Amino acid sequence: MTPPTNLRLTLPLTCVILEVILIILFAVLVEYDHETDAKLWHKHLLQHNDSNYNNDFYYRYPSFQDVHVMIFVGFGFLMTFLQRYGFSSVAFNFLIAAFALQWATLMQGFFHGMHGGKIHIGVESMINADFCTGSVLISFGALLGKTSPVQLLLMAVFEVTLFATNEYILLSILQAKDAGGSMTIHTFGAYFGLVVARVLYRPQLDKSKHKNCSVYHSDLFAMIGTIYLWMFWPSFNSAITAHGDDQHRTVMNTYYSLAACTLATFAMSSLVGPGGKLDMVHIQNAALAGGVAVGTAGEMMLTPFGSMAVGFLAGTISTLGYKFLSPVMEKKLKIQDTCGVHNLHGMPGILGAVVGAVTASLATREVYGDGMEDVFPEIYAGNFSASEQGVRQAISLAVTLGMALVGGVIVGFILKLPIYSGPPDTICFEDAIYWEVPGEMESQEELGTVMSEEVQKPLNS
Amino acid sequence: MTPPTNLRLTLPLTCVILEVILIILFAVLVEYDHETDAKLWHKHLLQHNDSNYNNDFYYRYPSFQDVHVMIFVGFGFLMTFLQRYGFSSVAFNFLIAAFALQWATLMQGFFHGMHGGKIHIGVESMINADFCTGSVLISFGALLGKTSPVQLLLMAVFEVTLFATNEYILLSILQAKDAGGSMTIHTFGAYFGLVVARVLYRPQLDKSKHKNCSVYHSDLFAMIGTIYLWMFWPSFNSAITAHGDDQHRTVMNTYYSLAACTLATFAMSSLVGPGGKLDMVHIQNAALAGGVAVGTAGEMMLTPFGSMAVGFLAGTISTLGYKFLSPVMEKKLKIQDTCGVHNLHGMPGILGAVVGAVTASLATREVYGDGMEDVFPEIYAGNFSASEQGVRQAISLAVTLGMALVGGVIVGFILKLPIYSGPPDTICFEDAIYWEVPGEMESQEELGTVMSEEVQKPLNS
Amino acid sequence: MTPPTNLRLTLPLTCVILEVILIILFAVLVEYDHETDAKLWHKHLLQHNDSNYNNDFYYRYPSFQDVHVMIFVGFGFLMTFLQRYGFSSVAFNFLIAAFALQWATLMQGFFHGMHGGKIHIGVESMINADFCTGSVLISFGALLGKTSPVQLLLMAVFEVTLFATNEYILLSILQAKDAGGSMTIHTFGAYFGLVVARVLYRPQLDKSKHKNCSVYHSDLFAMIGTIYLWMFWPSFNSAITAHGDDQHRTVMNTYYSLAACTLATFAMSSLVGPGGKLDMVHIQNAALAGGVAVGTAGEMMLTPFGSMAVGFLAGTISTLGYKFLSPVMEKKLKIQDTCGVHNLHGMPGILGAVVGAVTASLATREVYGDGMEDVFPEIYAGNFSASEQGVRQAISLAVTLGMALVGGVIVGFILKLPIYSGPPDTICFEDAIYWEVPGEMESQEELGTVMSEEVQKPLNS
């Protein structure tokens, strides 16, 4: 006897309760910061003889919008590759993200430091909220097609909380650097999701196997997601780095890393494909690994050719992971990773953390000059040596993996309760279970008939 | 006997005449403003010892581009949900918008004040022209599938003129605030379109009923439009507010309003759906109502939780409108509103106007500080009390509704003449009437055969 | 006996060799410029008492991102119009562009002047690299469906080199102006591609004719490309013009040119279509000709109405070219131009060059004031008269055509060797030759059956 999948009770209740809690907490805890508050900003203008043009809005908002596109179009459409799960992919992505960005505002605000008991928000908190949301969407990728929206919202509640905690440990306690989130976003999101997928293992998923694949047009929709993620990844990695050379350099490193990664992906995909043929799954995903792999080191003096080498390696690892590792993980480890987030976010995230640790440990005043203050403030202040910074980066990776694994197990078991309207093994990867799905397009022949009878005459008149 | 639908005479003639008139009027009336004119800007630089970096281009153009994407991709793809009207949806949207933005430059330039008999244009006039265009596209949504491009161009001629008049009355005479256009754009566009749809009522539209619905992939194309509108709505509402805290705050208010609106939409859609199933029409449309509803108050000190409450309410009203009100409006009021613009733009627009009026009437110097000058210059100058501002906002809503209703009736009757190549009731919602529509994709089997005969050998060599 | 089409050896080898060469050359030759290097920028800040907000990143990066979208989404999706070539269109576009932007960094860096033996890179070099890439993608459009990715990569190697040479001759030796690339990008890319297509003429292409056309949804995917190109063309033409009035004015001229072009395209398409029906090919392509045609003169004082007149002319020429010229070119000149790049980039590019030459020759100090220094530095410095500038613009067009024709012939013969896994005449325009193509979507009936048996009960519970 399968549990009910009807959402009528569970989804409205979950959404309304969560949103009401959010509104109340925002009412009590959240205030405009000094750049969004009318009174405070005008006081600032007067006191510092400053200009409206120096409001940080103008120096962060274009980056924010690019990140926003990655979250909603990039992740949303990347997951539409399944033949009968396009509605759920793009719309559940939409729902979870809309919830997570609100909840992240509170959780991150709490950890980033309250101001007189209040959380202050502006464009930078919006970017951080979108970042945290990205991590949840990565986990969603591992679970795609096998969970109800209620489960996903509940996962977001816990994952955002853990994300903010982990981020706080890394950035504030360990003083690690991770502007593009190789560790905080990608490694955490991927391994958290993989562990949840392991706990939610579905032994009879084979019965939905025929729907766990793409069709021609669904692969094209997915490419919309891929290309947007690829194009805007330089904005993602640079969105919260220091102003000036830091943002500028991060963008360039990411740009070249991704370009090299793309060539590696095509090379490897053809090399391992049957008859030398390319596989859309590789192009859609592995070509992005170069962005993940410079998430930590992108703001550092990685050099353009260093970025390209890292990107090339990331694309290679990721493509080979899709081909050889994913099947093994499913069979041996019982991890059913729908989107292969281990290959796109997991391994490249770890690579990114390692590259970051190595690059940090090689930082010298000779290379960074006074720019050291922005990239490694603790080294600049003489509190750490470069090698200590490197060690702290490495510890951060270990902490992130630990948080993801422990958190994933606990949350996985919470999500396993049969009360969230989840789908049975036999009807996974299927929109019709949660959506009113329209019929197919009228066949051309029928239309032809209609046209010849009704239209031809007036058309030719 | 149905009138002819052949466009050969009517469409080229309309396009060429309109464009020639536009070019002549631009030649006579339009000049670069002091930020786009080579001589004037360099004179300004010299006289004020100013920097090229202070050209307003850098502080408005990113917002403009986001608005531009909403107009052409957002509106255009949102309307591709119909199974056999994708070409017309995206391409007529393209045509009308390309015309309307030129015509709006003239109409708004005329009302915004001439400079020595000339209209001065720059990035701000471009944003305003795109805004006015948005209003026409909202009306198009009510008429989608039932009108020829000639009718739509003609409607744009009149609607742009009325829009500019209404905008002038609201912003210049009544001194109302409406930066995101809850009244000027959404309420006006929706009710104008609904009245036109009423006048153009098609009693036999049932005969095209089988095409007035979506198919699986057309709903995904529509989601491209939805997501872009949703993501960039913060840019829309903030595009022409004052620089500094005003733009920054408007963006944040809109961001949170939309997020809350999305949760409300999913909740309500599942609550009222058969078997608790979600309806794509709701997600595509009602999730956007939160942007409309903070169009007026977004720049005010609405507070983040206030924005969320308004967004939540807007999503609820809008979804319930699709479910319960639209069928009644069609049956009882004979308003055939193809895209349900009453639910997405009409009711949320009125809600936005009311929220704006209330928020304005509560404005105090205590809360706004010197920022009052940017948001409510008349209150700041002591010309109005806050409550008078609120009253003026409320009057503006009434004026807008009046202009839309009277204008819609007149324009509706003009568009009813049988000389514009409009479609008969029996062939509405059908691209083939105006487009050369390609055949369907070759079936996989045929290709399989081709492949096995011709390709396999060379491929395996 | 057809040559093998298996990519297993050729594609991985080409990608890996090219990328390894790129990484080595970048290691030896490429450095961060003074705005992306941590040490140099902070030295600059100190020495000039400058602000991070004045890093050129903030004044070029939004334009760069728009250009980036045009290259990867615009060109990529515009070419998905073919029914069975969507994977190759968007993904080969992706591959070639990812390679070309790296190679262009080196080639343009070499010609733009080395700094102590090093190429300095920053956001401006990234824009230039994307521009050069655009030229290669235009040539790809002429060859679409008839070449292997190996051939395309090889073409990019040569074309980027020739592009950089031609650009150097035009901009540095002849001191011509061409900010939006009417000559350097569009004319060069189009005629180079057309000559290559001529050399690669396939006499038996008729055998693949049934696939050289669109289906309903592939035309909608192509419209994504069209609309993005159309919206962001103002950013393209203005991306590397001087700051201030120049960027601002270029954006406006392009905006109005494109709007007028769109009306002309709809008018002409309906005028020449069977039964007055519109043709998607025209809308997808000719509506963009207005952007090409103001690529040279966009930064000049062309006036808004002048831009509109040029756009109107470009749309007319381009649409008529698709209808009447393309068939003739294929039959008489044996040029098989898949995307009709002659109509979208070739003729409008020449028109743009001529408009640029005329507008330059009419430049007066009276009109430009001190802004003359930015637009025509040589006229401002008294080195040229306006008419000499015009003559140099005209010579530049001739040089461009000559480079394209001679280069195209040579490269065409190199690409003709039967060693690049190119497709036979009988299987052109077909993804299955290079891709693992998924099956079709399950029919609705099957799903219906599955649902009624398995789902209905739990759903209604």
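Residues numbered from 1 in each chain as written. Chains lettered and ligands numbered in written order. Predicted model: local features only at pLDDT ≥ 70, side-chain atom pairs only at ≥ 80, totals over all residues. Heavy atoms only, no water.

1. Quick notes on the overall build of chain A
Now for step 1: The helix and strand tally for chain A stands at 18 helices and two strands.
Now for step 2: Relative to its length of 461 residues, chain A is compact, with a C-alpha radius of gyration of 24 Å against a globular reference of 23 Å.
Now for step 3: Each of the three principal axes of chain A carries a C-alpha extent, and together these read 80 × 60 × 55 Å.
Now for step 4: Looking at the 461 residues of chain A, the share that counts as buried comes to 69%. (Helix = DSSP H or I, 4+ residues; strand = E, 2+ residues; numbered from the N terminus. Rg over C-alpha atoms; globule rule 2.2 N^0.38 Å. Buried < 20%, exposed > 50% of the residue type's maximum accessible area, 1.4 Å probe, protein only.)

2. Description of the relation of the copies chain A and chain C
Now for step 1: Least-squares fitting of chain A to chain C yields an RMSD of 0.0 Å, with the transformation described by 0.0 Å of translation along the axis and a rotation of 120°. The operation mapping one copy onto its partner corresponds to a three-fold rotation axis. Looking at the rotation axis and the C-alpha trace of chain A, the residue lying nearest is Pro62(A), at 3.9 Å. (Least-squares fit on C-alpha atoms with pLDDT ≥ 70 in both.)

3. Things to note about the interface of chain C and chain B
Now for step 1: Across the boundary between the two partners, chain C contributes 88 residues, which contact 88 residues of chain B.
Now for step 2: The junction of chain C with chain B conceals about 7800 Å² of combined surface from both sides, 70% of it contributed by carbon and sulfur atoms.
Now for step 3: Taken together, the connections running from chain C to chain B amount to one salt bridge.
Now for step 4: Of the charged contacts in the structure, one is a salt bridge between Glu366(C) and Lys39(B), with a shortest N-O distance of 3.4 Å.
Now for step 5: Taken together, chain C and chain B are joined by 31 residue pairs in polar contact (both at pLDDT 80 or more).
Now for step 6: Those elements that place two or more of their residues in the side of chain C that touches chain B are helix H3 (57-78), helix H8 (216-238), helix H9 (245-272), helix H10 (280-285), helix H12 (304-332), helix H14 (365-368) and helix H18 (444-460) of chain C.
Now for step 7: Ranked by residues supplied to the side of chain C that touches chain B, first place goes to H9(C) with 19 residues. (Contact = heavy atoms within 4.5 Å. Buried area = accessible area lost by both parts, 1.4 Å probe. Salt bridge = Lys/Arg side-chain N within 4 Å of Asp/Glu carboxyl O. Polar contact = N/O pair within 3.5 Å; in protein donor to acceptor, adjacent residues only side chain to side chain.)

4. Regarding the packing of aromatic side chains
Residue and element names in this part refer to chain A.
Now for step 1: Counting across every chain of the model gives 81 aromatic pairs over all chains.
Now for step 2: Geometrically, the ring pair formed by Phe77 and Phe221 is stacked, given 6.4 Å between the ring centres and 25° between the ring planes. Here Phe77 is found in helix H3 (residues 57-78), whereas its partner Phe221 is found in helix H8 (residues 216-238), with 144 residues between them in sequence.
Now for step 3: Accessibility expressed as a relative area gives 0% for Phe221, which makes it buried. (Phe/Tyr/Trp six-rings, centres within 6.5 Å; stacked < 30°, edge-to-face > 60°.)

5. Focus: unusual backbone geometry
Now for step 1: Unlike most non-glycine residues, Phe429(B) shows phi in positive territory, near 55°.
Now for step 2: Relative to the elements of secondary structure, Phe429(B) occurs in the loop between helix H17 (386-415) and helix H18 (444-460).
Now for step 3: Positioned with a positive phi, Thr303(C) is a non-glycine residue whose angle comes to about 70°.
Now for step 4: Inspection of the secondary structure assignment puts Thr303(C) in the loop between helix H11 (289-293) and H12.

6. Things to note about the nonpolar core
Now for step 1: Core analysis: the largest hydrophobic core is formed by 456 residues, its most contacted members being Tyr228(A), Tyr228(B) and Tyr228(C).
Now for step 2: In this structure Tyr228(C) touches Tyr228(A), Val69(B), Val73(B), Tyr228(B), Val69(C), Met70(C) and Val73(C), once residues within four positions along its chain are discounted. (Core = buried A, V, L, I, M, F, W, Y, C linked by side-chain atoms within 4.5 Å.)

7. A closer look at the pattern of salt bridges
Now for step 1: In this structure the tally under the stated criterion is 27 salt bridges over all chains.
Now for step 2: In this structure, the salt-bridge partner of Lys211(B) is Glu430(B), at a minimum N-O distance of 3.3 Å. With a gap of 219 residues between them, Lys211(B) in the loop between helix H7 (182-199) and helix H8 (216-238) and Glu430(B) in the loop between H17 and H18 connect regions that are remote in the sequence. The pair formed by Lys211(B) and Glu430(B) is uniform in burial state, with each residue classed as buried.
Now for step 3: Several salt bridges converge on common partners, so that one network encompasses Arg84(A), Lys211(A) and Glu430(A).

8. Thoughts on helix H13 (residues 341-361) of chain B
Residue and element names in this part refer to chain B.
Now for step 1: If you check H13, its first and last C-alpha atoms are 29 Å apart, about what 21 residues at 1.5 Å a residue would give, namely 30 Å.
Now for step 2: Along its length, H13 reaches its greatest deviation from straightness, about 25°, at Gly349.
Now for step 3: Most of H13 sits inside the fold, with 17 of its 21 residues counted as buried. (Expected span 1.5 Å × (residues − 1). Bend = angle between axes of the 7 residues up to and from the residue.)

9. Observations regarding the UniProt feature "domain: Ammonium transporter AmtB-like" (unreviewed entry) in chain A
Now for step 1: Within the UniProt annotation, "domain: Ammonium transporter AmtB-like" (unreviewed entry) is assigned to residues 47-417 of chain A.
Now for step 2: Along residues 47-417 of chain A one finds 72% helix and 1% strand; the C-alpha atoms at either end are 57 Å apart. (UniProt positions renumbered as here; feature names shortened; annotations may be inferred.)

10. Things to note about the packing of H8(A) against H3(C)
Now for step 1: It is the contact of H8(A) with H3(C), at a shortest axis distance of 10 Å, that shows an interaxial angle of 160°. As far as their axial angle goes, H3(C) and H8(A) are roughly antiparallel. Classified by chirality, the crossing of H3(C) by H8(A) is right-handed. Residues Leu220(A), Met223(A), Ile224(A), Ile227(A), Tyr228(A), Trp230(A), Met231(A), Phe232(A), Pro234(A) and Ser235(A) of H8(A) form the contact with H3(C), whose own contacting residues are Tyr61(C), Gln65(C), His68(C), Val69(C), Phe72(C), Val73(C) and Phe77(C). (Axes fitted to C-alpha atoms, helices over the stretch in contact; angles between N-to-C directions. Parallel < 35°, antiparallel > 145°, perpendicular 65-115°, else oblique. Left-handed = near helix turned anticlockwise from the far one by under 90°.)

11. Regarding helix H1 (residues 10-29) of chain A
Now for step 1: Its 20 residues place the ends of H1(A) 28 Å apart at the C-alpha level, agreeing with the 28 Å of an ideal helix rising 1.5 Å per residue.
Now for step 2: Those residues of H1(A) that sit buried are Thr10(A), Leu11(A), Pro12(A), Thr14(A), Cys15(A), Leu18(A), Glu19(A), Leu22(A), Ile23(A) and Phe26(A).
Now for step 3: Along its buried surface, H1(A) packs onto strand E1 (30-32), helix H4 (86-111) and helix H6 (149-173) of chain A together with helix H9 (245-272) and helix H12 (304-332) of chain B.

12. Description of the confidence of the model for chain A
Now for step 1: Within chain A, residue pLDDT values average 94, and 95% of them lie at 70 or more.
Now for step 2: Note on residues 442-461 of chain A: pLDDT is under 50 here. Beyond four places in sequence and across chains, it has 33 contacts. (pLDDT = per-residue confidence, 0-100.)

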